[in-house]
Amino acid sequence: MGSLDATSTSLAEDLQDLQLDRPAKGLKSVEELEKLTVDEHLSDIERSVYLLSSGQEVQRISVIHNLPDLLRDTESHDECMRRVVPKVREVLHLAQTEMQVAASSAFLQILQKNLVPVQNYSQTFLQTILNSVDSKDPDVASAWLDTLLDVIDLLPKEVIKKEILGSAIAKGQLAQSVQSRLACCRILGKISTKFEPFVIKKEILPVVQSLCQDVDYEVRGCMCRQLDCVARGMGLEATKSAILPELVELTNDEECHVRIAGLETVVNILSLLDAETCGTTIIPLVCKICQQAVQAEDATLPVVATQLGKLCHGISDNLTDEQRQWFIDFYKKLCHVGLEKNKASSRVTTPLIDKDRGSKESDLTDIFELEDKLVECRKNSAYNFPAMVLFCGAKQFKPELHLTFTHLCKDPHFLVRKTISSGFHEVCKLLGNNANLIQSDLVALLKDESIEVLRGVISTIPAILDCYMSSGSNHTVSESKSGPLSDIIPAFLASENAIFTSHNWRLQEELMRNLSCLSRCYSSESLYNKVIPILRQKLVKARALPVKVAAAHSLLKLTRKVKKREQREEIYHGLIHDFCHARKCYLRNVFIDICRIVIELYSKKFFKETFYEYLLELHTDSVPNIRLSLCSILPDLKRLLILPTDRGLLQQLDACVRKLLVSEKDRDVSDGIQSAVEELDKIHIPMQSMTRRNFFEQDLDDQKKEEEEKLLLDNEEKELKKEEEAAEKKKGDKRNLVSAKKGSENGSSSRIPGPRKGSRAGLSGSNSTTKKFLYPSHITPEDDNKPVAPLTKGAGTSNNKLVKSKSINCISQIPRRDFEELDSKEVSKTKIVPPGKAPGNKVQVNSNICKPSSGDSNINKKRVSSPKLSRLPLYNSNPNLHHGRPASPSLIPIKASTTSTTNKPSKTTRGSGIPAPGSAGTRGDSKSKRQ
C-alpha cells in the first residue's frame, strides 16, 4: 500500500507540474507589448525598415516572408529594392537559423515569380546566396545550397558561367574544407548540362577527376553520383575515354559507401552507352560487383538487390543466353540469401555465446545487423520480382522463377511477404494467361496472419481479379467451381476476420470498398448470399464511420447487380428499418450518409420512389445532430425534383424546411437550416418540358442509371416468363406422359380424342395461324359475340358450380381445354367475365380465333370420351371449390362491373380468372352436384 501511495503522489505532482489546462505564466509584460507595437500609420516599406532595424526576431522573419509581396507591388518595387533589400542582406550576416531558412525560401520565390530582372537578381540576391553556402552551420549551408541548385535551373547560361562557375571551381580545391568540396561536387553536376562539351572538358573535367581521387571518401562518393550528369554533358566518346575509367575505379573502392555510389551511377549511365561498351566493360564490371557483394555480405548486398532489376533491363539486349541465365541464377540466390544460415546459427551460436559473457552483447549486435541486411536483401529482391519476370519472360516463368516466387510468398519475415504481396498484381499482369500458376500463392497471402501482408494484397485485389477474369477464365465462381476464382474469393472473404481483429480502420475501409469488385466474379445469388451479408453486418457493427460509409457504398453498388427484385427490395427495406428507424442515433446518422450514396449511384427516380420520404422524416428526430446532418442534404434533394411531376415532393420539402425554421430551438441546427435555405433559394427546379429539351446536356448520367435499372427489371420479367413457360411445358409433357400410360393400360376406349384436323370442334378456317380451342359446354360457336344469359336454377347450375353436359348426365364429360396448343397471345385477348356479375356482363371470345360457319351450330353437342376430373378447366372466375366455405379471393382483384363493363376488356390470368385444373375442390363440388 505504501508503494502505491508513493506512486500516486508522484503522479499527482507530475500532473500539477504539467499544468495542461492552466494559462501560461510567461505572459508578455507591458514593456514587451510596447516593443512589439508599431505605428499603424506607417507605410509597408517604412514598417519593414523599422522592424528590420529594431524589431524582434519574429517580426524580422515576418518581413522576410513578406518580401516577395512587397516586390510584387509596382508602386513600392523600386523603393523596396533601394531600402528593404539592403537591410535584409545586412541582417542576414548575424541572423539565426530560422531567419536564414526563411530568407533562402523568399529569394527563390523572387526569381521563380520574375519579380526582379535577372541582371538585378544576380547582383543582389545571387551574391548573398553564394556567400551563405559557406556558412559554418550545416543546416544553414544545406538550405542555401539547395536554393542555389534550384536557382541554377532558372538562370541563363551566361550568368551561370560568369557568377557561379568560377566560385564552384574554387570550392573544389584540396585546400578547401570537406563541406566546400561536397558543395562543389553538387554544383558541378548541376551546371554540367548547361554548357557545351568543349567547355566541360576544359573547365569542369579536371576538377571532376580531382574530386574522384579525393582523400575523403564522402567527397569521392558525392562526385561519383554526379558523373551521370557530367557524362551526359560531354557525350559518348568523351565519356568512354574520361568518365568510364574513373567509374570503374570507384566501383572497386575500398569504402563500401563509394562502391554503392559507383553501382548506382553504372545503372543511371546505361542508357547513354552503346552496345559495344556495355558488352566489353559494363557487363563484366556488374558481374564482378555482384560476386563481391555476395561474398562480403556487406552493405552493398541490399543495394545490388535494389538495382538488379534496372540493371538487367538496361543490358538485356546485349546479353548472351549464358549471361542471361547467370543473372537469373544470381537473382534466385539473392532471394534465398540468409535462410540457410539462420537455421544453422539457431543450432550453433547459442552455446558459443553462453561461454563468453563479455562478448555476448557484441556478438548479438553483429548477428542482428547481418540478419537485418540479409532480410533487406530479400525484401529488395521481392521488390524487383516484376522486373525479373519481364527480364525472364512469361514463358520461362514456371521453370525458372515459380519456385522462387513461392519461397518469397512464404518467407519467414513479414517485410518480405509484404513487399511481394504489394507487387502481386504486377506479376499477374506480366504473366497474362499463365496467372493461374500463382493462384495458390495468392491464397496463401490472403490467409497470412500479418496485417501488413494483408494490406499489400487487399489494396491491389481489384487489379488481381481483373487479371484472372481477363486471362481466359471469363466465368464466375458459380459457373465453374474448379476455376481459379473458386479458391481466391473465399480466401479474400475470409481475410475479413483477421483485418477486423486489428485496429487499422483504414485497412478495414479499403477492404469494404474493394468488396465491390466482386460483382464481376460472383453471380447474383452468390453476391446476395455471401458478400452482401458481410457488408450489412459491418455496416451496423463497424466502429469507424469511414468503414461504415465504405461498406454502404459497396453494398449499394453490389445491390444494383442483384437480379431478383424481391432480394433488392429486401435490402432497401432493411436499410430503412435498420438505420432510418433505428433506436440508436448514430445509425440514423449513417442513414443520411447512405442516402448521399444512393443519390450518387442510383437514378433520381429511384431515390424519390424509395428513400425520399423516409429521409424527410428525420426532421422530427429528437437528436439535434441528426437534424443538423439532414440540413446539409436538403439542397441535394431539391436538385432531384422536376415540375410538375414532383410537386408533391416539393411541398413535403417546403413543409420540412418551414417546420425546422419555425420550431427549431437548437442553435447549431438553426444556423444549419439557415445556410440550407440560402442554398435552396439559389437552386432552380426545371420544368418537365425544358428537361426533355435539354436532357442529354444535363442528365445524361441519370438517364444511363435509369436505363440500367429498367433493364434490370425487364431482364427479370423475361426470366420469369421463361421459367413459367418451362414449367408449363414440363407440366404438359408430364400430363401427356400420364395420359399415354393410362391409355396403354385401359385400352383405346379410355383415351381422350383430340380435335381432328378440319374438325368443327376445334378452330376452323383456312388461317394457318389459328389455334385449337374447345368451348365450354354451355357456349356454342354461334354465341361467340352474344351476351351470356344467367343460368337459372332449373338448368341445374349455379354461378359457382360446374356445368353438366347436356348430352350425357355426367360431370366428367365436360370437354377439356388444350393448354399446350393455345397461344398465350390469344388467351390474353380472350375476355371471360364471371357469370355471377351484373346481367349486362358478356363472355366474349376473340373473333379472330374462330369464325364458325352456319353449319357448325351443333358441333359442341358432339359426345366425347370422359376426360379425367383433374384436367377440367373451370371458367368461373371465383368458384366455390370447397363445399360450405366462402370462395377464396382472386390474386388480382376484379372491380365491380357496370353497364359499360363489356366495352372495357379485362385481362384474365390463370391465377385470377381461371383456377388451376386438377384442384381438390372439384371433387367436392361434383359430389354435392350428384347429391
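What counts as what
Residues numbered from 1 in each chain as written. Predicted model: local features only at pLDDT ≥ 70, side-chain atom pairs only at ≥ 80, totals over all residues. Heavy atoms only, no water. Helix = DSSP H or I, 4+ residues; strand = E, 2+ residues; numbered from the N terminus. Buried < 20%, exposed > 50% of the residue type's maximum accessible area, 1.4 Å probe, protein only. Contact = heavy atoms within 4.5 Å. Areas by Shrake-Rupley, 256 points an atom, 1.4 Å probe, with all protein chains shown as cover. UniProt positions renumbered as here; feature names shortened; annotations may be inferred. Salt bridge = Lys/Arg side-chain N within 4 Å of Asp/Glu carboxyl O. Expected span 1.5 Å × (residues − 1). Patch = residues over 30% accessible without salt bridge, like charges linked within 9 Å, V, L, I, M, F, W, Y side chains within 5 Å. Lys, Arg positive; Asp, Glu negative; His and termini not counted. Charge placed at Lys NZ, Arg CZ, Asp CG, Glu CD. Phe/Tyr/Trp six-rings, centres within 6.5 Å; stacked < 30°, edge-to-face > 60°. Lys NZ or Arg CZ within 6 Å of the ring centre and 35° of its normal. Polar contact = N/O pair within 3.5 Å; in protein donor to acceptor, adjacent residues only side chain to side chain. Core = buried A, V, L, I, M, F, W, Y, C linked by side-chain atoms within 4.5 Å. Axes fitted to C-alpha atoms, helices over the stretch in contact; angles between N-to-C directions. Parallel < 35°, antiparallel > 145°, perpendicular 65-115°, else oblique. Left-handed = near helix turned anticlockwise from the far one by under 90°. Nonpolar A, V, L, I, M, F, W, Y, C, P; charged D, E, K, R; others polar. Disulfide = S-S within 2.5 Å. pLDDT = per-residue confidence, 0-100.

Topic: the overall build of the chain
Here comes step 1: Counting its regular elements, the chain contains 46 helices and 0 strands.
Here comes step 2: For the chain, the residues scored as buried account for 44% of the 931 residues in total.
Here comes step 3: Across the chain, the fraction of contacts at a sequence separation of at least 24, relative to all contacts at a separation of at least 6, is 71%.
Here comes step 4: Of the roughly 51,100 Å² that the chain leaves accessible, carbon and sulfur atoms contribute 51%.

With respect to the UniProt feature "repeat: HEAT" (unreviewed entry) in the chain
Here comes step 1: UniProt's feature table lists "repeat: HEAT" (unreviewed entry) at residues 204–241 and 243–281, given in the numbering used throughout.
Here comes step 2: With 77% helix and 0% strand, the stretch residues 243–281 has end C-alpha atoms that lie 12 Å from each other.

Re the pattern of salt bridges
If charged atoms from side chains of opposite charge come close, those side chains can pair.
Here comes step 1: Applying the stated criterion across every chain, the model contains 32 salt bridges.
Here comes step 2: Residue K332 pairs with E400 through a salt bridge whose shortest N-O separation is 3.5 Å. Taken as a pair, K332 in helix 20 (residues 321–335) and E400 in helix 24 (residues 397–400) lie far apart in primary sequence, 68 residues in all.
Here comes step 3: Residue classification places E400 among the buried residues on the basis of a relative accessible area of 17%.
Here comes step 4: Note that R627 and E664 form a salt bridge whose closest N and O atoms lie 2.8 Å from each other.

Structural notes on helix 34 (residues 545–559)
In an α-helix, one turn spans 3.6 residues, which is why side chains three or four residues apart end up on the same side.
Here comes step 1: With 15 residues, helix 34 should cover 21 Å at 1.5 Å per step; its first-to-last C-alpha distance of 21 Å lies within 8% of that length.
Here comes step 2: Counting buried residues in helix 34 gives 11 out of 15 residues, a clear majority hidden from the surface.
Here comes step 3: Looking only at helix 34, the buried set comprises V547, K548, A550, A551, A552, H553, S554, L555, L556, L558 and T559.
Here comes step 4: Elements that come into contact with the buried residues of helix 34 comprise helix 31 (485–500), helix 32 (505–514), helix 33 (524–541), helix 35 (565–580) and helix 36 (585–601).

Topic: a negative patch on the surface
Here comes step 1: Taken together, E369, E371, D372 and E376 make up a surface patch of like negative charges.
Here comes step 2: Mapped onto the secondary structure, E369 falls in helix 22 (residues 360–383).
Here comes step 3: Residue E369 is classed as partly exposed on the basis of its relative accessible area of 45%.

Quick word on unusual backbone geometry
Here comes step 1: Omega for the peptide link from L643 to P644 comes to 0°, which places this bond in the cis form.
Here comes step 2: You can see P644 is positioned in the loop between helix 39 (624–639) and helix 40 (647–663).
Here comes step 3: Positive phi, close to 55°, is recorded for N114, a residue that is not glycine.
Here comes step 4: Residue placement: N114 occurs in the loop between helix 7 (97–112) and helix 8 (118–123).

Focus on the environment of L126
Here comes step 1: By secondary structure assignment, the location of L126 is in helix 9 (residues 125–132).
Here comes step 2: Taking the C-alpha atoms as reference, L126 lies 9.9 Å from T147; in sequence the two are 21 residues apart.

Examining the packing of aromatic side chains
Given two aromatic rings, their pairing is described by the distance between the two centres and the angle made by the two planes.
Here comes step 1: Evaluated as defined, the whole model comprises 17 aromatic pairs.
Here comes step 2: An angle of 50° between the planes, with centres 6.2 Å apart, marks the rings of Y331 and F385 as tilted. Separated by 54 residues along the polypeptide, Y331 in helix 20 and F385 in helix 23 (residues 385–392) bring together distant segments of the chain. Grouping residues by exposure puts Y331 and F385 together as buried.
Here comes step 3: Note on Y572 and F606: the rings are 4.9 Å apart at their centroids and 65° apart in plane angle, and the pair reads as edge-to-face. Taken together, the residues span a long stretch of sequence, with Y572 in helix 35 and F606 in helix 37 (residues 604–610) at a distance of 34 residues. Of the two residues, Y572 and F606, both sit in the buried class.
Here comes step 4: Aromatic ring contacts, followed pair by pair, group Y572, F591, Y602, F606, F607 and F611 into a single cluster.
Here comes step 5: The cationic tip of R324 hangs over the ring face of F391; the distance from NZ or CZ to the ring centre is 4.8 Å.

Quick look at the side chain of R378
Here comes step 1: By the secondary structure assignment, R378 is in helix 22.
Here comes step 2: In this structure R378 comes out as buried when scored by relative accessible area, which is 2%.
Here comes step 3: At 2.9 Å, the side chain of R378 and the side chain of D411 are in polar contact.
Here comes step 4: With sequence-adjacent residues up to four places away left out, R378 is seen in contact with L334, C335, V337, G338, L339, L408, D411, H413 and V416.

So, the side chain of S48
Here comes step 1: Tracing the backbone through its elements, the reader meets S48 in helix 3 (residues 44–54).
Here comes step 2: If sequence neighbours within four positions are ignored, S48 has contacts with V63, L70 and V84.

Thoughts on the nonpolar core
Here comes step 1: In terms of nonpolar packing, the biggest core is built from 227 residues, with F107, Y121, F125, F385, Y468 and L615 touching the most fellow members.
Here comes step 2: Excluding its chain neighbours within four sequence positions, the residues that come into contact with F125 are L67, L71, M81, V85, F107, I110 and V116.

A few points about the packing of helix 30 (residues 461–470) against helix 31
Here comes step 1: Close contact between helix 30 and helix 31 brings their axes to 12 Å; oriented N to C, the two are set at 165°. The orientation of helix 30 relative to helix 31 falls into the category roughly antiparallel. Handedness of the crossing formed by helix 30 with helix 31: left-handed. Residues I461, L465, Y468 and M469 of helix 30 pack against L485, I488 and F492 of helix 31.
Here comes step 2: Residues that form the contact of helix 30 with helix 31 fall into these classes: 7 nonpolar, no polar and no charged.

Some words on the packing of helix 14 (residues 217–225) against helix 15 (residues 227–234)
The axes of two packed helices give the description: the angle between them and the distance between them.
Here comes step 1: Taken N-terminus to C-terminus, the directions of helix 14 and helix 15 make an angle of 40°; their axes are 4 Å apart at the nearest point. Taken together, the axes of helix 14 and helix 15 lie oblique to each other. Residues M223, C224 and R225 of helix 14 form the contact with helix 15, whose participating residues are L227, D228 and V230.

Some thoughts on the state of the cysteines
Here comes step 1: Considering all chains together, one arrives at 0 disulfides under this definition.
Here comes step 2: Here C335 stays free of any disulfide, with the sulfur of C377 as its closest cysteine sulfur at 8.0 Å.
Here comes step 3: Given the relative accessible area of 3%, C335 is considered buried.
Here comes step 4: C580 supplies the cysteine sulfur nearest to C595, a cysteine that is in no disulfide, at a spacing of 7.4 Å.

A few points about the confidence of the model for the chain
Here comes step 1: Model confidence for the chain is summarised by a mean pLDDT of 76, while 70% of its residues fall at 70 or above.
Here comes step 2: This model gives residues 344–358 a pLDDT under 50, and the stretch forms 4 contacts once residues within four places in sequence are excluded.
Here comes step 3: Contacts of residues 754–931 to residues separated by more than four positions or lying in other chains number 216 contacts, the stretch itself having pLDDT below 50.

A closer look at helix 9
Here comes step 1: Within helix 9, 6 of the 8 residues are buried, which leaves it mostly tucked inside the rest of the structure.
Here comes step 2: Those residues of helix 9 that fall on the buried side of the exposure criterion are F125, L126, T128, I129, L130 and S132.

Concerning the environment of T501
Here comes step 1: The residue T501 is located in the loop between helix 31 and helix 32 in this model.
Here comes step 2: Residues T501 and I451, spaced 50 residues apart in sequence, show a C-alpha to C-alpha distance of 9.6 Å.

Observations regarding the environment of E719
Here comes step 1: Examined against the element boundaries, E719 turns out to sit in helix 44 (residues 700–746).
Here comes step 2: Separated by 156 residues in sequence, E719 and K563 have C-alpha atoms that sit 9.7 Å apart.

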